[in-house]
Every structure is written in structure tokens, then in C-alpha cells.
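Per-entry structural report
What follows is the residue order along each chain.
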Amino acid sequence: MNAATSPKLPDYAAPSLLAPDRRLTAEQVIFFKTNGYLAIDAIMSPAEVARVRGIYDQLFAERSWRAASDTYDLAGTGGVEKSAKLPQILTPSKYAPELLLTQMVANIKGMARQLLGDEAYMTGDHAINKPPHESPATPWHQDEAYWNPAREYHALSVWIPLQPATKQNGCMYFVPGSHELEVVAHQPIGNDPRIPGLEIAPGVADLSAAVACELPPGGATFHYSRTFHYTPPNISDDYRRAYIASASLPEKVRPVPRIFPWQEAQRQARAGKSVQ
Ligand code: NI
């Protein structure tokens, strides 16, 4: 796709035109800082949930984003044109800019500032549309394992289901307190470096204290970039739609860069593929 037809990356950091109409309580902010995650019942009104869900379903139905390489199959090796096991759209707001004009996004930005500080800004969004019946789990991971090991992050993700999120369709699970840990050893899913998704390496993490966060439509969970999290397979009869936004304080360069060997294994696998 050439530059003339490819939509521009949206300005996520721009201030919202709408003021937030919902705020977190002081208790919720303390809960997040203590436990590394937070679940709330409503980040927007029911009318807004219906509107966002309409935009979301239209986006996945149109598939115009496929041509622009803004998607990948998180759990498979077959590429997006074959049936994706775990279809997702990176930067959905590039294709549906109206998402960034919603009260939902105004509230995401306001709550991120409450949780991280006044300098926090929105850094991106994506959409994971888990198909019904036996679509795979998103395995346990820390988001920061995907990121630049030379940078220091103070960042969070907001995860918003557009239908009820249940244990049956793949709600979020978190390990309380795990945000205090460094990034633990990860590996590509199934230890196959051709797969872009990551999972915590076997045996390196205690997941026994995990809590499930079932939510109504338009509820939200928040988690830090190092909080262990997971979603089980979707064994329900419907898609499990989730809109995910990220927010951050300004990144810093770490005095000593970390080494994430799992990223190197994936780079080598991709390089090997491209010369075939
Ligand atoms: Ni994640």
C-alpha cells in the first residue's frame, strides 16, 4: 500500500475534545498502585458501548486494514490471509478515527492521568477479536517483554470488552503484586520463534494467586506494563471483542539496557523467512 492510500497514524497524545465524564475514586487509584491492576464496571455509558461496538464490528468486517500490515495473527504462523487463530488490528483508530473522538477515549486519558500522573498520555490502541469456540488462550505474559529492553517504562494498558467478559469467553486474569517484579524470562508461544506472541517461560513465575476479572460490556481493566496477565480460550458462541488502549509517562533510556533473548530469537526467525 502506498503513502497516498495509507491512512496516517492518529495523534493519540492529542488532548480529547471531550472532558472526562467518569473518574476513578481515590480507593481505586490506591488499589491499582498496590495490586498492579484494577477492574471497574463502566468506563462509558451503555449508549456509547453500543456505538463503539458498531464501529468495531464494521472495522473487522471491512478488512481494509489487512492490506496495510497493521495486523498479525498473534498465535499462528500462517499469516493473516489464512484463517487467523487470534485476529487483531494494530492501531484501529487509523482506520476508524472516530474512535478517538469518543467519550470512552476521553475517559481512558483522564483515568490514565489519575493512575500514572499528569504527564501521562495515550500511546496507542489495538483490537483483539477472539473468535467463538475454542480459539486459543492469550498466554501469561508481561507487556513489557514485547518492548524495547533499552528503555524504562511507566506505562499501563486499559482493556475494554464490548460484550460481557466472562471466564468462558476470555476475560482478563492478573497476578496481584506482579507489577513489582522485573520482566521475567519469556519465550515465543510454544517456544516457536516464528510466532509473534510471547508467553512467560515455563517454571519462572508463580501464577497461583491469579484473579479473574469478569466485566459487563463497557467495563474496563487497567494493568501496569509488568503485571502478569492472561486470557483463557473463548469457548462461548460469540466473538470476544476487546478494545485495548495504552498510556505512558515519557519514556526514559535505561542506564544499563536489558537483554531480552526471546526478541532476538524472533528477529532471527523473521530474517530467515525473508531470505527464502
Ligand atoms: Ni498483554
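Our subject in this report is the structure included herewith. (Residues numbered from 1 in each chain as written. Predicted model: local features only at pLDDT ≥ 70, side-chain atom pairs only at ≥ 80, totals over all residues. Heavy atoms only, no water.)

Focus on the sheet that holds strand β13 (residues 229–231)
Sheet architecture is open: four strands sit in the order β5-β13-β8-β11, paired in antiparallel fashion. In this open sheet, the two edge strands, each paired with only one partner strand, are β5 (138–141) and β11 (211–213). Recorded for the sheet is a direction-independent mean angle of 25 degrees between the axes of neighbouring strands. (Pairing = 2+ DSSP bridges. Helix = DSSP H or I, 4+ residues; strand = E, 2+ residues; numbered from the N terminus. Axes fitted to C-alpha atoms, helices over the stretch in contact; angles between N-to-C directions.)

Some remarks on the coordination of the nickel ion
Looking at the nickel ion, the protein donor atoms are His141 (NE2), Asp143 (OD) and His229 (NE2), and they sit 2.1 Å from it. Every donor residue of the nickel ion comes from the same chain, spaced as H-x1-D-x85-H. Of this pair, His141 sits in strand β5 while His229 sits in strand β13, placing them 88 residues apart in sequence. Each member of the pair, His141 together with His229, is buried. (Donors = N, O, S within 2.8 Å, 3.2 Å for Na, K, Ca; no water. Buried < 20%, exposed > 50% of the residue type's maximum accessible area, 1.4 Å probe, protein only.)

Observations regarding the layout of surface pockets
As a volume, the largest pocket reaches approximately 910 Å³. Every residue lining the largest pocket is counted, 40 residues in all, and those nearest its centre are His126, Asp143, Trp147, Ser157 and Ser246. Listing elements by their share of the lining of the largest pocket, those giving two or more residues are β3 (87–90), β4 (121–130), β5, β7 (155–161), β13 and β14 (240–248). Across the lining of the largest pocket, the residue classes break down as 21 nonpolar, 15 polar and four charged. (1 Å grid on protein atoms, 1.4 Å probe; cavity = no way out; pocket = protein on both sides within 12 Å on 5 of 7 lines; lining within 4 Å. Points joined across faces, edges and corners; volume = space filled by probe spheres on them. Nonpolar A, V, L, I, M, F, W, Y, C, P; charged D, E, K, R; others polar.)

On their own, these measurements won't tell you what the molecule is for.
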